[in-house]
Amino acid sequence: GPFGQNLIKYLDSAGVTAIYSNYVNMHEQFVLRSGGTPPVDVAQSTSTDSHDYVLIETVTDPKTGTLVFAIDGFQQEGTMAGVWYFVNDMLPSLASYPASYYVYEWTDGDGDKQPSSGDTFTQVTSGP
């Protein structure tokens, strides 16, 4: 995400992404650039090593035309869960995912604090 990846920080701050990460008043958010209520607005304490929210998105860099693919959670474990979900669930049926972004809530269902088929991935929102 923008806190550790300069490219995502640039794309978010340039207003290129349709959805972006935000942190305000001890709350983590995924905010729609078009406005409205953020689809994710949770107390920071709810993001743990066994529960998090994940943004999976593609965006085109307007300066170079380069397609950027990014996966990020609020926490490292959420990012790892997002990668697992993309590889194991989304990639095999990529044509079924036409939107430019997807947000999921990840819950470690089997208690191993690692992403796996025993976990729950609930779609929160998706967009254009």
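Residues numbered from 1 in each chain as written. Predicted model: local features only at pLDDT ≥ 70, side-chain atom pairs only at ≥ 80, totals over all residues. Heavy atoms only, no water.

Engineer: What exactly am I supposed to notice about the pattern of salt bridges here?
Structural biologist: Pairs can form between side chains of opposite charge once their charged atoms are near each other. Summed over all chains, the structure comprises one salt bridge. Here D49 ties to K113 by a salt bridge, and the two come within 3.4 Å at their closest N and O atoms. Remark: K113 occurs in the loop between β6 (101-107) and β7 (120-127) and D49 occurs in the loop between β3 (40-43) and β4 (51-60); sequence separation between them is 64 residues. (Salt bridge = Lys/Arg side-chain N within 4 Å of Asp/Glu carboxyl O. Helix = DSSP H or I, 4+ residues; strand = E, 2+ residues; numbered from the N terminus.)

Engineer: Help me out: how do you make sense of the environment of F86 in this one?
Structural biologist: Mapped onto the elements, F86 comes out in helix α2 (residues 76-90). For F86, a relative accessible area of 14% corresponds to the buried category. Sequence spacing of F86 and T17 is 69 residues, and the spatial spacing of their C-alpha atoms is 19 Å. (Buried < 20%, exposed > 50% of the residue type's maximum accessible area, 1.4 Å probe, protein only.)

Engineer: What is the right way to look at the packing of aromatic side chains in this model?
Structural biologist: Here the distance between the centres and the angle between the planes together describe a pair of aromatic rings. In this structure the tally under the stated criterion is eight aromatic pairs. Taking 4.5 Å as the distance between ring centres and 20° as the angle between the ring planes, the aromatic pair formed by F30 and F74 counts as stacked. Of the two residues, F30 sits in strand β2 (residues 27-32) while F74 sits in the loop between β5 (67-73) and α2, which places them 44 residues apart along the sequence. Their ring planes at 50° and their centres at 4.6 Å tell us that Y85 and Y104 sit as a pair that is tilted. Of this pair, Y85 sits in helix α2 while Y104 sits in strand β6; the two residues are 19 residues apart in sequence, bridging distant segments of the chain. Of the two residues, Y85 and Y104, both sit in the buried class. What links up through ring pairs into an aromatic cluster is the set W84, Y85, Y97, Y102, Y104 and F121. (Phe/Tyr/Trp six-rings, centres within 6.5 Å; stacked < 30°, edge-to-face > 60°.)

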